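Residues per chain, in single letters:
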Amino acid sequence: MPATPAAFDPSSLHDLMSLARRARELAYAPYSRFQVGAAVLTRDGRQFSGCNVENAAYGLCNCAERTALFSAIAAGCRRGDFVALAVIADTPDPVSPCGACRQVMSELCHDAMPVLLGNLHGDTEQTSVAALLPGSFQLPMPA
Ligand SMILES: O=c1ccn([C@H]2C[C@H](O)[C@@H](CO)O2)c(=O)[nH]1
Ligand SMILES: [Zn+2]
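Counting from 1, residues in each chain are numbered in the order their sequence is written. To read the labels, note that chains go from A and ligands from 1, taken in the order they are written. In keeping with the model being predicted, local features are shown solely for residues with a pLDDT of at least 70 and side-chain atom pairs are shown and tallied solely at 80 or more, while totals for entire chains, interfaces and linings include all residues.

Per an unreviewed UniProt entry, the recorded name for the protein is Cytidine deaminase, and the organism is Rhodanobacter spathiphylli B39. UniProt positions are given in the numbering used here, feature names are shortened, and annotations may be inferred rather than shown by experiment. Recorded in UniProt under Sequence similarities (unreviewed entry), the annotation for the protein is "Belongs to the cytidine and deoxycytidylate deaminase family." In the Cofactor (unreviewed entry) part of its UniProt record, the protein is described as follows: "Zn(2+)".

See below:
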């Protein structure tokens, strides 16, 4: 979404990555064995974490990023309430979110919202929602 996200303390990105790292341990990934964790910070200072949750019907697998964002929505947070998101996996380079998660981020989060990508070695890369999905699909919002 266009508009400017709320300001945030850059050190909160480090905290968010620690939370994502702990959430990763909770992944339900018996098929891929690829565990992912994510955490999102909201405008009012709340943090929501998420892990990937797989299913025998593979198409139902839900990524860590979407689990975290959907948990926040289910707790009452609204589109635009998000300040930063962190995601972590056991990858050689900082993990790269899938297309579905990029689309969900682009609908729920401000274009400039920082997204911190990480791996278990402690490598990180800071990017943004718009950088992850330029030209994303959006529907005009009803007034
Ligand atoms: O950024 C990513 C990439 C993949 N996965 C999950 C989906 C599936 O459970 C497993 C393998 O793709 O990792 C995530 O949670 N986040
Ligand atoms: Zn995804």
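Asker: Just checking my understanding: could you explain the overall build of the protein for this structure?
Answerer: Along the protein, the regular secondary structure elements total four helices and five strands. By definition, any uninterrupted DSSP run of H or I lasting at least four residues is a helix, any uninterrupted run of E lasting at least two residues is a strand, and each is numbered from the N terminus. The N-to-C order of helical and strand elements in the protein reads α-β-β-α-β-α-β-β-α. For a compact globule of 143 residues, the expected C-alpha radius of gyration is about 15 Å, and the protein comes in at 14 Å, within 12% of that figure. Working definition of burial: number of other C-beta atoms within 10 Å of the residue's own, with buried at 20 or more, exposed at 12 or fewer, and partly exposed in between, all C-beta atoms being placed from the backbone. In the protein, buried positions account for 38% of the 143 residues. Put simply, the radius of gyration uses C-alpha atoms, and a globule should come to 2.2 Å times the residue count raised to 0.38.

Asker: Honestly, helix H1 (residues 11-24) in this entry has me stumped. Any pointers?
Answerer: Here H1 is 14 residues long and its end C-alpha atoms lie 20 Å apart, about the 20 Å a rise of 1.5 Å per residue gives. Among all positions of H1, only Leu13, Leu16, Met17, Leu19, Ala20, Ala23 and Arg24 are buried. With its buried residues spanning 165° around the axis, H1 presents them on a single face. In the core, the buried residues of H1 are packed alongside strand S1 (36-42), strand S2 (47-51), helix H2 (64-74), strand S3 (82-89), strand S4 (114-119) and strand S5 (124-128). Multiply 1.5 Å by the residue count of a helix minus one, and that product is the helix's expected span. This arc is built from the directions going out from the helix axis to the C-beta atoms. Once C-beta atoms are placed from the backbone, any two residues with those atoms within 7 Å are in contact.

Asker: I'm lost on the pairing of S2 in this one. Help?
Answerer: Taken across its five residues, S2 has four buried, putting it largely inside the fold. Being paired, for any two strands, means DSSP has found at least two bridges between them. Taken together, the five bridges between S1 and S2 define a ladder with antiparallel strand orientation. Considered in S2, the bridge of Ala39 is made with Ser49.

Asker: Explain the UniProt feature "domain: CMP/dCMP-type deaminase" (unreviewed entry) in the protein here, please?
Answerer: The sites that carry the UniProt feature "domain: CMP/dCMP-type deaminase" (unreviewed entry) are, in the present numbering, residues 11-140. As annotated, residues 11-140 has a helix share of 30% and a strand share of 24%, and its two end C-alpha atoms lie 35 Å apart.

Asker: Would you take a moment to explain the site of ligand 1 for this structure?
Answerer: Residues in close proximity to ligand 1 total 15 residues, the closest being Ser32, Val36, Asn52, Cys63 and Ala64. Each residue receives one of three labels: charged for Asp, Glu, Lys and Arg, nonpolar for Ala, Val, Leu, Ile, Met, Phe, Trp, Tyr, Cys and Pro, and polar for the others, Gly being one of them. Among the residues making up the shell around ligand 1, the classes are represented as 11 nonpolar, two polar and two charged. Each residue receives a C-beta atom placed from its backbone. It is near a molecule or strand if this atom lies within 6 Å of it.

Asker: I keep staring at helix H3 (residues 99-108) and nothing clicks. Help me out?
Answerer: Every α-helix winds through 3.6 residues per turn, so residues three or four apart in the chain are directed the same way. Taken as a whole, H3 has its buried residues at Cys101, Met105, Ser106 and Leu108. For H3, the elements touching its buried residues are H2, S3 and helix H4 (129-132).

Asker: Before we go on, may I ask you to explain the nonpolar core in this structure?
Answerer: Nonpolar side chains tend to gather and get buried jointly when the protein is soluble and globular. Core analysis: the largest hydrophobic core is formed by 39 residues, its most contacted members being Ala38, Leu85 and Ala86. Sorting the residues of this core by element identifies H1, S1, S2, H2, S3, H3, S4 and H4 as the ones contributing at least two each. In terms of residue count, S3 provides more of this core than any other element does, eight residues in total. In this structure Ala38 touches Ala20, Ala23, Ser49, Gly50, Ala64, Glu65, Thr67, Ala68, Leu85, Ala86 and Val87, once residues within four positions along its chain are discounted. One nonpolar core equals one set of buried Ala, Val, Leu, Ile, Met, Phe, Trp, Tyr and Cys residues connected by C-beta atoms within 7 Å.

Asker: Would you explain the pairing of S3 in this entry?
Answerer: Each regular strand carries side chains that alternate between the two faces of the sheet. With eight of eight residues buried, S3 is to be regarded as a mostly interior element. Sheet topology places S1 next to S3; seven bridges connect them, and they run antiparallel. Each bridged residue has a counterpart across the sheet, and for Ala38 the counterpart in S3 is Val87. Here S3 pairs with S4 via five bridges, running parallel. The residue bridging Ala89 from the neighbouring strand is Asn119, located in S4. If the strands point away from the viewer and the path from the first strand over the helix to the second runs clockwise, then the crossover is right-handed. In this fold, the crossover linking S3 to S4 by way of H3 has right-handed handedness.

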